[in-house]
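Tertiary structure, described
Each chain, letter by letter, is given below.
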Amino acid sequence: MVKLLDVLLLGRARFHELSMRGRVMLSQLPANLTLLLVLVVVAAAAPEKLTEPAFVAGQAIAVLLLVLSGSLPWERLPYGSFLVVPFLDFIPIGLVQASASDRLPGLAFLALFPIMWVAGSGYRPRLMVPLSGAAALAMVWTPLFLAGTPDPRVLAGHLLAPFMLLAVGVGTSVMTLSGMAQQARVEELLAQAENRERLLDAVLETVDVGVVVIDTEGRGTFTNTKQVEVYAAAVPTEEEGPETGMMIYRDGSEEALPPEQWALERALAGERVEHEIFRLGRGRDARTVSVTARDFLDADGGLAGTVLASSDVTDVVHAVRARDRFLSTLSHEFRTPLANILGYAELVADDPDLSDGSRADIQVIARNAQHVASMVDELLVVAVTGAGAAVRLPLDVAEIVREAAESSAASASVRGIRLHAETDGALMVLADRTGLVRVVDNLVSNALKYSGAGTEVRLRAARDGRWAVVTVEDRGIGIAEEDLVHIFTRFGRSDGVLGEDIPGAGLGLALSKEVVERHGGSLECASRVGEGSTFTVRLPLRGEPR
């Protein structure tokens, strides 16, 4: 009853939330209230009608139907059985209309209540709506027949009201069926959305990645269990005390980051956060995480918030650093002496006073040194194209350029080439160190290989907006314009190089371009035959605004 009153008073309760008995009673109530109003009007305007048997019987039957609608257990009866009530409503309405229509015209339109009830139920509308129209016609014509044989013209004159009632019923039925179809579609979409939400929750709780969703106001709307587990390492222990604050560090630093430099705060401020490496906590329990942020849009295309994903890469970073140390040894400790061996072997082999036996021995030394150098190169190729290449750590491009110049100095000296390096402060990028070292070493090696004695090779690392730019410039044989399109393809070599009989497989530049592009950068070449070449590497600087 409380819900029923709440619905009547347009409260929070809704019609579909009522029980079947409450819905039947509420559907019957408007007709009874209107008949009660008719009773009041008749008592004031035509009190003599209150004693007419038809009027009294109509009012009594209406009350009986209201009691019936509120007392029968409609939930246990077959669905649709409740429609007996609106069809019975035509009886009291017809009695009241027949007895008082001469003083109150238009009482026939009281049949709107049962017709709209029948049409609005949505139950077998093709049958029920015409039946309700026929019942309205019978309600109007029956008193005429009871009064004697009516004139056909009189009957025709009373067709308008039943026809209008039927039209209202048809319109109500159409709107009801449309509403039911829309409701079914909405319920289907809600079910799909709920299933997707549950699936998404299950996926986010299953993946081994910490995920937190932040709205545009900076409030967290979702955090999965992995995120809580990973960042637990950054929470100070009781021994460290709460004044320590969150222990979030840049990789390789022991100074805790201020909140404005945390990945989350930077992402909310509009900075680009892409595979940023942070250390959470200190000591043996510290964890290293790779953090990436992505904005997401709402249905209207506006910014809805930010998703932050944190991957625990502690073990991977340890492995990558061990790999880098090993490959650094290969690259610098092996390649530098091998380059010296090969260079001096060439100088000795060119001595005209060298005996044939000694020259053969020198060729054996050079051949084996070249074989070892090739194996080192193959190991480096595997390193920059394997799974470990996907892990990127903060590094200084300028430092790599300086190291490349130092490791190639001996080879340049043997060839009689001046090697000059110039750097413009620190240029921090996120990169696979082995891959980037391989790219710079390969460009410097090519510049020395294709340059003659007495020339100069220049290395430069500088900032250009949001890019770190590395240029390797030589004054060597150069590359023809028609060959520039082929030098970055695998096994692609220029005709000029082939003519000079300079050794090489044509893989170095192709692999270098793949590595650079995998880091979101570019590798380009400008060259003229006989004047030299300039190779330019562009890499995105770390932490630039989006």
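Attention in this report is confined to the structure presented alongside it. (Residues numbered from 1 in each chain as written. Predicted model: local features only at pLDDT ≥ 70, side-chain atom pairs only at ≥ 80, totals over all residues. Heavy atoms only, no water.)

1. A short note on the overall build of the chain
Counting its regular elements, the chain contains 16 helices and 13 strands. For the chain, the proportion of its 546 residues judged to be buried stands at 39%. For the chain, contacts bridging at least 24 residues in sequence account for 64% of all contacts bridging at least 6. Accessible area for the chain stands at about 29500 Å²; split by element, carbon and sulfur atoms hold 59% of it. (Helix = DSSP H or I, 4+ residues; strand = E, 2+ residues; numbered from the N terminus. Buried < 20%, exposed > 50% of the residue type's maximum accessible area, 1.4 Å probe, protein only. Contact = heavy atoms within 4.5 Å. Areas by Shrake-Rupley, 256 points an atom, 1.4 Å probe, with all protein chains shown as cover.)

2. A short note on the sheet that holds strand β8 (residues 418-423)
Reading across from one edge, β8-β10-β11-β13-β12 is the order of the 5 strands in this open sheet, with mixed pairing throughout. Unpaired on one side and paired on the other, β8 and β12 (522-528) mark the two borders of the sheet. The mean inter-strand angle of the sheet, taken between neighbouring strand axes irrespective of direction, is 15 degrees. With 6 bridges connecting them, β8 and strand β10 (residues 456-464) associate as parallel partners. (Pairing = 2+ DSSP bridges. Axes fitted to C-alpha atoms, helices over the stretch in contact; angles between N-to-C directions.)

3. Focus: the pairing of strand β2 (residues 220-223)
As paired strands, strand β1 (residues 210-215) and β2 are joined by 3 bridges and run antiparallel to one another. Its bridge partner lying in β2, Val212 is registered against Thr223. In this structure, the hairpin formed by β1 and β2 is closed by a connection of 4 residues, where Gly218 is found at a positive phi of approximately 85 degrees.

4. A short note on the side chain of Lys49
Within the secondary structure, Lys49 sits in the loop between α2 (20-45) and α3 (53-71). Of the residues examined, Lys49 reaches a relative accessible area of 8% and is grouped as buried. Contact partners of Lys49, with chain neighbours within four places excluded, come to Val42, Phe55, Ser99, Asp102 and Arg103.

5. Some thoughts on the nonpolar core
Core analysis: the biggest nonpolar cluster contains 38 residues, and Val397, Val429, Leu436, Leu443, Phe535 and Val537 have the highest contact counts within it. Where this core is concerned, the elements lending two or more residues are α13 (397-415), β9 (428-431), α14 (433-449), β10, β11 (467-473), α16 (508-518), β12 and β13 (532-540). Sort the elements by how many residues they give to this core and α14 lands first, with 8 residues. Apart from residues no more than four positions distant in its own chain, Leu443 is found in contact with Val472, Leu509, Leu523, Phe535 and Val537. Grouped together as the second largest cluster of nonpolar side chains are 20 residues, Val96, Ile115, Val140 and Leu165 included. (Core = buried A, V, L, I, M, F, W, Y, C linked by side-chain atoms within 4.5 Å.)

6. A word on α14
In this model α14 runs 24 Å from its N-terminal to its C-terminal C-alpha over 17 residues, within 8% of the 24 Å that 1.5 Å per residue would give. Between a side-chain oxygen at the N-terminus of α14 and the backbone nitrogen of Gly435 the separation is 3.0 Å; the capping residue is Asp432. (Expected span 1.5 Å × (residues − 1). Polar contact = N/O pair within 3.5 Å; in protein donor to acceptor, adjacent residues only side chain to side chain.)

7. Looking at the sheet that holds β2
Two strands in a sheet stick together by hydrogen bonds in their backbones, pointing the same way (parallel) or opposite ways (antiparallel). Read across the open sheet, the 6 strands follow the order β2-β1-β6-β5-β4-β3; overall the sheet is antiparallel. Edge positions in the sheet fall to β2 and β3 (248-250), since each of these pairs with one other strand and no more. With direction set aside, neighbouring strand axes in the sheet form an average angle of 30 degrees. Judged from the 3 bridges that link them, β3 and strand β4 (residues 276-280) form a sheet pairing that is antiparallel. What sits directly across from Ile248, in β4, is Leu280.

8. Some details on a nonpolar patch on the surface
There is a patch of nonpolar side chains on the surface, built from Leu33, Leu36, Leu37, Val40 and Val41 and spanning about 440 Å² of accessible area. With respect to the element layout, Val41 can be found in helix α2. (Patch = residues over 30% accessible without salt bridge, like charges linked within 9 Å, V, L, I, M, F, W, Y side chains within 5 Å. Salt bridge = Lys/Arg side-chain N within 4 Å of Asp/Glu carboxyl O.)

9. Comments concerning the pattern of salt bridges
Within this structure, the stated rule accounts for 15 salt bridges. In this structure, the salt-bridge partner of Glu48 is Arg103, at a minimum N-O distance of 2.8 Å. Placement of Glu48 in the loop between α2 and α3 and of Arg103 in the loop between α4 (84-100) and α5 (112-121) is noted, with a sequence separation of 55 residues between them. A residue is classified by how much of its surface remains accessible, and Glu48, at 42% relative accessible area, is partly exposed. According to the relative accessible area criterion, Arg103 is partly exposed, its value standing at 43%. Among the ionic pairs, Arg198 bridges to Glu194, the shortest N-O distance being 2.6 Å.

10. Here's the deal with the packing of α3 against α4
As a packed pair, α3 and α4 sit with axes 7 Å apart at the nearest point and diverge in direction by 155 degrees. In this view, α3 runs roughly antiparallel relative to α4, as classed from their interaxial angle. When the axes of α3 and α4 are compared, the crossing they make is left-handed. Contacts between α3 and α4 involve Ala54, Phe55, Ala57, Gly58, Gln59, Ile61, Ala62 and Leu65 on the former and, on the latter, Val85, Leu88, Asp89, Ile91, Pro92, Leu95, Val96, Ser99 and Ala100. Residue composition of the contact of α3 with α4, grouped by class: 13 nonpolar, 3 polar and 1 charged. (Parallel < 35°, antiparallel > 145°, perpendicular 65-115°, else oblique. Left-handed = near helix turned anticlockwise from the far one by under 90°. Nonpolar A, V, L, I, M, F, W, Y, C, P; charged D, E, K, R; others polar.)

11. Describing helix α8 (residues 160-206)
In this model, α8 (47 residues) spans 68 Å end to end at C-alpha, consistent with the 69 Å of a helix rising 1.5 Å per residue. Summarising the contacts, the buried residues of α8 are in contact with α5, α6 (125-146), β1 and β2.

12. Side note on unusual backbone geometry
Among all residues except glycine, the phi angle is most often negative; among peptide bonds, the trans geometry is most common. The phi angle at Arg124 is positive, at roughly 45 degrees, despite the residue not being glycine. With respect to the element layout, Arg124 can be found in the loop between α5 and α6.

These values are about where atoms sit, not about what they do.
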